Amino acid sequence: MTEPADFEHDLATQVLIELYSEIPPPSKLVTGHFHSGGDYRVVRPDGVGSWYLLYTASGTGRYLIGENRLTLRHGDVVLVSPGTPHDYGTVGTYWESWWAHFQPRREWHAWLSLPQAMPGLSYVRLTRSSETDRVVSAFDRLHRDAQRAGLSPTGDTELHLLEKSVATELTMNGIEEVLLTAVASLRRETQHLDARVHLVLEAITADPARPHTLTSLAGLAQVSVSRLAHLFKEQVGDSIMNVVLALRLQRAAELLGATDMSVAQIAAAVGFDSPHYLSRQFGRRYGISPTAHRAKVRNPELELY
């Protein structure tokens, strides 16, 4: 796409930029497509509670963390982990970006191990047109599905609304496609995950409720605790126990929506020692209590987020 001369935001884009410059609720899936002018900048010193996926389709942007700067150009995929500071914006006069705030599916954690350009920020540059075309197509579809689910505003009155749960799953499928495209591109030129890290990821993903410890997982991988912790953090981008916690919370969210189990029963089922600890961690991750989450899932028209 050619950079437009003397670019200015239209009113609709400006409204969306102002809306999405606010901090999105951690548990809410939100997507967007921006054509941003030279005055566009978002700063969130404490980051957000969700993962942030960002793709540059044309123009130039930049991401800052402290004194570290990453310039973003066509084909760049950026994945920012929860809690990582946000400071990004346009370089020059124009930047076209696609993006999504999301909580990953349980099986995605092995795919979130993209190379880190700076702490909490992973980065891959797609160089093949087949890859960049696929990512843009996936973002276009997932953003339209998010609009159909009521997860992102739209001015297109001809979009036919889908049942929200179906549209949400389709949106997540699109995010999954973008992540897998980035991973596939990376793996053509780099090695796969270390076999020991892969083994540990498989174990904790298959049964996050087990009383996993660093010692038991190091024994499974036949490596020292310190070596496993280093390898896992380096390749996955987060600590082992943080990933276990995220998997348990995601399973708890699934059970809250799909069953009538009490919070205490769910806490025991997913590996928490007490319902109070589950509720505290759930609130930190999703910004809402387990009971409020259940009410929202079962009554989508409620605005609890």
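Here the structure is a predicted model, which means the values were calculated and not measured. The written sequence of each chain sets the order in which its residues are numbered from 1. Local features in this predicted model are restricted to residues of pLDDT 70 or higher, and side-chain atom pairs are both shown and tallied only at a pLDDT of 80 or more, whereas totals for entire chains, interfaces and linings draw on every residue. Hydrogen atoms and water are omitted, and side-chain values are computed over all heavy atoms in the structure.

## Focus on the nonpolar core
Here's step 1: Buried residues of nine kinds, namely Ala, Val, Leu, Ile, Met, Phe, Trp, Tyr and Cys, make up a nonpolar core once their side-chain atoms join them within 4.5 Å. The buried label goes to any residue with under 20% of its type's maximum accessible area, the exposed label to any with over 50%, and the partly exposed label to all in between, with areas taken from a 1.4 Å probe on protein chains only. Core analysis: the largest hydrophobic core is formed by 25 residues, its most contacted members being Leu53, Tyr55, Phe102, Phe139 and Ile175.
Here's step 2: Secondary structure elements follow DSSP: runs of H or I of four or more residues count as helices, runs of E of two or more count as strands, with numbering from the N terminus. Breaking this core down by element, the ones donating at least two residues are β3 (51-65), β5 (76-80), β6 (86-102), α2 (129-148) and α3 (164-187).
Here's step 3: The biggest single contributor to this core is α3, with 7 residues.
Here's step 4: Ignoring sequence-local partners within four residues, the contact set of Ile175 consists of Leu29, Leu53, Ala100, Phe102, Trp108 and Leu142.
Here's step 5: Among the nonpolar cores identified, the runner-up in size contains 18 residues, and Tyr40, Val42, Ile65 and Trp95 belong to it. The contact criterion used is simple: two residues touch if any of their non-hydrogen atoms lie within 4.5 Å.

## So, the packing of aromatic side chains
To describe a pair of aromatic rings, one takes the distance between the centres and the angle between the planes.
Here's step 1: Between 30 and 60 degrees the pair is tilted, below 30 it is stacked and above 60 it is edge-to-face, where a pair is any two Phe, Tyr or Trp rings, Trp via its six-membered ring, whose centres lie within 6.5 Å. This model, assessed by the stated rule, comprises 11 aromatic pairs.
Here's step 2: Taken together, a centroid distance of 6.4 Å and an interplanar angle of 50° make the contact between Tyr52 and Trp99 tilted. Remark: Trp99 occurs in strand β6 and Tyr52 occurs in strand β3; sequence separation between them is 47 residues. Take Tyr52 and Trp99: they sit in the same class, and that class is buried.
Here's step 3: Both rings, one in Trp98 and one in Phe139, keep their centres 6.0 Å apart while their planes meet at 25°; by these two values the pair is stacked. Remark: Phe139 occurs in helix α2 and Trp98 occurs in strand β6; sequence separation between them is 41 residues.

## A short note on unusual backbone geometry
Here's step 1: In this structure, Gln222 takes a positive phi of about 55° despite not being glycine.
Here's step 2: With respect to the element layout, Gln222 can be found in the loop between α5 (214-221) and α6 (225-236).

## Topic: the pairing of strand β1 (residues 30-37)
Here's step 1: Judged by how many residues are buried, β1 sits mostly within the fold: 6 of 8 residues are covered.
Here's step 2: We call two strands paired when DSSP finds no fewer than two bridges between them. Across 8 bridges, the pairing between β1 and β6 is antiparallel. Looking at the pairing, His33 lines up with Trp98 of β6.

## Remarks on the packing of helix α4 (residues 195-206) against α6
Here's step 1: Angular values range over 0 to 180 degrees, each being the angle between N-to-C directions of two axes fitted as lines to C-alpha atoms, with helices fitted over their stretch in contact. Where α4 contacts α6, the axes come no closer than 10 Å and their chain directions differ by 85°. Between α4 and α6, the interaxial angle falls into the category roughly perpendicular. Counted together, Arg196, Val197, Val200, Leu201 and Ile204 of α4 and Leu228, Leu231, Phe232, Gln235 and Val236 of α6 form the full contact between these two elements.
Here's step 2: When residue character is reported, Ala, Val, Leu, Ile, Met, Phe, Trp, Tyr, Cys and Pro are called nonpolar, Asp, Glu, Lys and Arg charged, and the others, Gly included, polar. For the contact of α4 with α6, the per-class residue count stands at 8 nonpolar, 1 polar and 1 charged. By definition in this entry, angles of less than 35 degrees are roughly parallel, angles greater than 145 are roughly antiparallel, angles of 65 to 115 are roughly perpendicular, and the rest are oblique.

## Topic: α5
Here's step 1: Those residues of α5 that sit buried are Leu217, Ala218 and Ala221. Down the axis of α5, the buried set is contained in an arc of 105°. They therefore lie on one face.
Here's step 2: On its buried face, α5 is in contact with α4, α6 and α7 (240-258).
Here's step 3: One or two steps after α5, the chain reaches Gln222, where phi turns positive at roughly 55°. In this context, the arc is that of the directions from the helix axis out to the C-beta atoms.

## Details of the side chain of His86
Here's step 1: As for its placement among the helices and strands, His86 is situated in strand β6.
Here's step 2: Those residues in contact with His86 that sit more than four places away from it in its chain are Val42, Val43, Arg44, Pro45, Gly47, Val48, Tyr52, Tyr63, Val80 and His101.

## Here's the deal with the pattern of salt bridges
Side chains bearing opposite charge may pair, as long as their charged atoms lie close to each other.
Here's step 1: Definition used for salt bridges: Asp or Glu carboxyl oxygen within 4 Å of a side-chain nitrogen of Lys or Arg. One pass over the structure, following the stated rule, counts 10 salt bridges.
Here's step 2: A salt bridge links Glu177 to Arg141, with the nearest nitrogen and oxygen atoms 3.0 Å apart. Here the residue Glu177 occupies a position in helix α3, and Arg141 occupies one in helix α2, the gap between them amounting to 36 residues.
Here's step 3: For Glu177, a relative accessible area of 18% corresponds to the buried category.
Here's step 4: When its relative accessible area of 39% is taken as the criterion, Arg141 is described as partly exposed.
Here's step 5: In this structure, Asp194 and Arg196 form a salt bridge, with 2.9 Å as the shortest nitrogen-oxygen distance.
Here's step 6: One continuous salt-bridge network, built from bridges that share partners, spans Arg41, Arg62 and Asp87.

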